[in-house]
Amino acid sequence: MRRALTILTVVTALVAAGCGGSGDGNGKALSKAEYGKRMAATGQTLQKAFADIGDQTGAKSTPKQVGDRLDRGATAVDTAVKQYSALTAPAAAKPAHAKLVAGLHELATELRKSATAARKNDAKGLNAGLQGLTTGEGIKKITEAQKELTAQGIKVTPSS
């Protein structure tokens, strides 16, 4: 079960590096710089949520505890998606943004599948779900979106 949170930590790093918000909430597109700042802020929030989940995991975690933590990870991803969806991406970034949001939705689904398997103490199902976190369509979309945003000169900058 410890492997579940180790993989979750790796996925978190990838997601936080590629996450982004999309606009100012009133339909006006953000500048690339502001978009990057919002990406960083939401990515940091998501990364903190996963770090807190990981910090609560010990060698003696029960399958239910691991499942609950994976569900909390899915909820954190869902919250990030809501934040991103409330904003308007720069025009050139809209396709990458949509791909990112779709990838995050798929990632949340994989987290929930893994949580269910963990609670059932289904090692085979848990391993398959965790594999989906690192090699599935969700993480592929997130990675592709990150590359597209980088190619457009959109930099994730720390918020102050």
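Cut-off values and rules
Residues numbered from 1 in each chain as written. Predicted model: local features only at pLDDT ≥ 70, side-chain atom pairs only at ≥ 80, totals over all residues. Heavy atoms only, no water. Helix = DSSP H or I, 4+ residues; strand = E, 2+ residues; numbered from the N terminus. Buried < 20%, exposed > 50% of the residue type's maximum accessible area, 1.4 Å probe, protein only. Contact = heavy atoms within 4.5 Å. Areas by Shrake-Rupley, 256 points an atom, 1.4 Å probe, with all protein chains shown as cover. Salt bridge = Lys/Arg side-chain N within 4 Å of Asp/Glu carboxyl O. Expected span 1.5 Å × (residues − 1). Arc of directions from axis to C-beta. pLDDT = per-residue confidence, 0-100. Axes fitted to C-alpha atoms, helices over the stretch in contact; angles between N-to-C directions. Parallel < 35°, antiparallel > 145°, perpendicular 65-115°, else oblique. Left-handed = near helix turned anticlockwise from the far one by under 90°. Nonpolar A, V, L, I, M, F, W, Y, C, P; charged D, E, K, R; others polar. Core = buried A, V, L, I, M, F, W, Y, C linked by side-chain atoms within 4.5 Å.

Trainee: Tell me what's going on with the overall build of the protein chain, and back it up with residues and numbers.
Mentor: In terms of helices and strands, the protein chain carries six helices and zero strands. Traced from its N-terminal end to its C-terminal end, the protein chain shows the element sequence α-α-α-α-α-α. Taken over 160 residues, the protein chain has a buried fraction of 43%. The long-range share in the protein chain, meaning contacts at least 24 apart out of those at least 6 apart in sequence, stands at 81%. Just so you have it, the protein chain exposes about 7800 Å², and 56% of that area is on carbon and sulfur atoms.

Trainee: Can you tell me about the pattern of salt bridges, naming the residues and giving the values?
Mentor: As enumerated under the stated definition, the model contains ten salt bridges in all. Between Lys140 and Glu137 there is a salt bridge, and its shortest N-O distance comes to 3.7 Å. Of this pair, Lys140 and Glu137 both sit in helix 6 (residues 137-151), three residues apart, which is roughly one turn of that helix. Salt bridges linked by common partners bring Lys64, Asp68, Asp71 and Arg119 together as one network.

Trainee: Any details on helix 5 (residues 123-135)? Residues and values, ideally.
Mentor: The end-to-end C-alpha distance of helix 5 is 18 Å, a good match for the 18 Å that 13 residues give at a rise of 1.5 Å each. Of all the positions in helix 5, only Leu126, Gly129, Leu130, Gly132 and Leu133 are classed as buried. One side of helix 5 holds all its buried residues, which, seen down the axis, span an arc of 150°.

Trainee: Got a sec to walk through the confidence of the model for the protein chain? Specific residues and values, please.
Mentor: Detailed conclusions should not be drawn from predicted coordinates in areas where pLDDT is low. Chain-level pLDDT for the protein chain is 79 on average; 75% of the residues reach the 70-or-more range. Within the protein chain, no element has a lower average pLDDT than helix 1 (residues 2-18), which sits at 51, and none a higher one than helix 4 (residues 94-119), at 92. Throughout residues 17-25 the model reports pLDDT below 50, and contacts reaching past four residues in sequence, or to other chains, amount to 42 contacts.

Trainee: Run through the packing of helix 3 (residues 63-85) against helix 4, naming residues and quoting values.
Mentor: Here helix 3 crosses helix 4 at 165°, and the two axes come no closer than 8 Å. By the angle class used here, helix 3 and helix 4 are roughly antiparallel. For the element pair helix 3 and helix 4, the recorded crossing hand is left-handed. Residue composition of the contact of helix 3 with helix 4, by class: 14 nonpolar, seven polar and six charged.

Trainee: Pulling in residues and values, what's your account of the nonpolar core?
Mentor: In terms of nonpolar packing, the biggest core is built from 33 residues, with Tyr35, Leu70, Val77, Leu104, Leu111 and Leu149 touching the most fellow members. Mapped onto this core, the elements with two or more residues apiece are helix 2 (32-55), helix 3, helix 4, helix 5 and helix 6. In terms of residue count, helix 4 provides more of this core than any other element does, ten residues in total.

Trainee: Would you mind going over the environment of Leu100 in detail, with residue names and values included?
Mentor: With respect to the secondary-structure elements, Leu100 resides in helix 4. Sequence spacing of Leu100 and Gln146 is 46 residues, and the spatial spacing of their C-alpha atoms is 7.8 Å.

Trainee: How would you summarise helix 3 if you had to cite specific residues and measurements?
Mentor: With 23 residues, helix 3 extends 33 Å between its outermost C-alpha atoms, agreeing within 8% with the 33 Å of an ideal straight helix rising 1.5 Å per residue. Within the span of helix 3, buried status applies to Val66, Gly67, Arg69, Leu70, Gly73, Ala74, Ala76, Val77, Ala80, Val81 and Tyr84.

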